[in-house]
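# Breakdown of the fold
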Amino acid sequence: NANTLGAPSSLFYGPEAALLTVLKARFPDGVALFKMAQGGASLTTEGVTAGALNTFDPAAGTLWDEMGVAWQAAKLSMLRDFGLVPDVVGAIYLLGDNDAFDTTASTAYASKLPTFNTQVRERFTTRSTGSDFGIVSHKIVAHVEDGGPSTHGTAAAREAIRAAQSARAAADSRFALTSDA
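One structure accompanies this document, and this report is about it. All values reported here derive from a predicted model rather than from experimental measurement.

## So, the overall build of the protein
When helices and strands are counted, the protein shows 6 helices and 5 strands. Secondary structure elements of the protein occur, N-terminal to C-terminal, as α-α-β-α-β-α-β-α-β-α-β. A buried classification covers 36% of the 181 residues belonging to the protein. Of the roughly 10000 Å² of accessible surface on the protein, a fraction of 57% belongs to carbon and sulfur atoms.

Right, dumping it as structure tokens:
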């Protein structure tokens, strides 16, 4: 998992491995997860300016386009190899850590998060859910200066992102946060 080990590897899995056990019980006819991991990625162009490696911002980075190409290939494979048409019931992403380098990036994150969620729903819309499926994101942990475990970025920027994530969850009933706390 590039997010924890620093280099992509098919030998390691992230939290999706535990999630599959729960999903298998909920969807006994089968579940497929589409995963795209990119360590060092940010939601915003400002995050890249501050030090992130790439961005999911469709207007600036390559990851949004790469994700679209990978999603199209995955859908084709599911149809060709298994005779299945994918039906998206939700999305999960972990973004925000690399927008915490400075307050310019964290301010941009706060303003772009609602649009990003809309774009994710539009890109992955399928027959049963339309574009109203749920999205789950992990609330980034607090900075050590605020009693948290992270030394990544600044305390003010991390707190701004945590506040933006909480505000989005309060405003969008189809957006939820997980937390270490």
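That was the structure; now back to the text.
## Topic: the packing of helix H4 (residues 63-82) against helix H5 (residues 103-123)
Between H4 and H5, the shortest axis-to-axis distance is 12 Å and the interhelical angle comes to 20 degrees. Taken together, H4 and H5 sit at an angle that is classed as roughly parallel. Between H4 and H5 the crossing geometry is right-handed. The segment H4 lies against H5, with Trp64, Asp65, Met67, Gly68 and Trp71 engaging Phe116, Gln119, Val120 and Arg123. A breakdown of the residues in the contact of H4 with H5 according to their chemical character gives 5 nonpolar, 2 polar and 2 charged.

## Side note on the sheet that holds strand E4 (residues 134-138)
Spatially, E3-E4-E5 is the arrangement adopted by the 3 strands of the open sheet, whose pairing is parallel. Each edge of the open sheet carries a strand with a single partner, namely strand E3 (90-93) and strand E5 (175-178). Each strand axis lies, on average, 20 degrees off the axis of its neighbour in the sheet, ignoring direction. Across 4 bridges, the pairing between E4 and E5 is parallel. The residue of E5 that forms the bridge with His138 is Thr178. Each of E3, E4 and E5 touches H5; the most contacted strand, E3, lies at about 135 degrees to it.

## Remarks on the pairing of E4
By the bridge criterion, 4 bridges tie E3 to E4 in an arrangement that is parallel. Paired with Gly90 across the two strands is Gly134, which belongs to E4. Regarding the hand of the β-α-β motif, the stretch spanning E4, helix H6 (residues 155-171) and E5 is right-handed.

## Some thoughts on the pattern of salt bridges
Enumeration according to the criterion identifies 7 salt bridges in this entry. Two residues, Arg121 and Asp172, come together in a salt bridge whose shortest N-O distance is 2.9 Å. Taken together, the residues span a long stretch of sequence, with Arg121 in helix H5 and Asp172 in the loop between H6 and E5 at a distance of 51 residues. Classification of Arg121 as buried rests on a relative accessible area of 8%. Residues joined by salt bridges that share partners form a network here, namely Glu46, Asp57 and Lys112.

## Details of the packing of aromatic side chains
Counted under the stated rule, the structure contains 6 aromatic pairs. Their ring planes at 65 degrees and their centres at 5.0 Å tell us that Trp71 and Phe124 sit as a pair that is edge-to-face. Separated by 53 residues along the polypeptide, Trp71 in helix H4 and Phe124 in the loop between H5 and E4 bring together distant segments of the chain. Residue Trp71 shares its accessibility class with Phe124, and that shared class is buried. Through successive ring pairs, a cluster of aromatic residues spans Trp64, Tyr93, Phe116 and Phe175.

## Quick notes on the environment of Ala41
For Ala41, the position within the fold is in strand E1 (residues 41-42). Along the chain, Ala41 and Thr55 lie 14 residues apart, while their C-alpha atoms are 5.3 Å from each other.

## As for H5
Between its terminal C-alpha atoms H5 stretches 29 Å, which fits the 30 Å expected from 21 residues at 1.5 Å a residue. The largest bend in H5 comes to about 45 degrees, at Lys112, with the proline Pro114 one to four residues further on. Turning to H5, the residues buried within the fold contact helix H3 (45-50), H4, E3, E4, H6 and E5. The backbone nitrogen of Thr104 has a side-chain oxygen 3.2 Å away, supplied by the residue at the start of H5, namely Asp102.

The rules behind these values
Residues numbered from 1 in each chain as written. Predicted model: local features only at pLDDT ≥ 70, side-chain atom pairs only at ≥ 80, totals over all residues. Heavy atoms only, no water. Helix = DSSP H or I, 4+ residues; strand = E, 2+ residues; numbered from the N terminus. Buried < 20%, exposed > 50% of the residue type's maximum accessible area, 1.4 Å probe, protein only. Areas by Shrake-Rupley, 256 points an atom, 1.4 Å probe, with all protein chains shown as cover. Axes fitted to C-alpha atoms, helices over the stretch in contact; angles between N-to-C directions. Parallel < 35°, antiparallel > 145°, perpendicular 65-115°, else oblique. Left-handed = near helix turned anticlockwise from the far one by under 90°. Contact = heavy atoms within 4.5 Å. Nonpolar A, V, L, I, M, F, W, Y, C, P; charged D, E, K, R; others polar. Pairing = 2+ DSSP bridges. Right-handed = clockwise from strand over helix to strand, strands pointing away. Salt bridge = Lys/Arg side-chain N within 4 Å of Asp/Glu carboxyl O. Phe/Tyr/Trp six-rings, centres within 6.5 Å; stacked < 30°, edge-to-face > 60°. Expected span 1.5 Å × (residues − 1). Bend = angle between axes of the 7 residues up to and from the residue. Polar contact = N/O pair within 3.5 Å; in protein donor to acceptor, adjacent residues only side chain to side chain.

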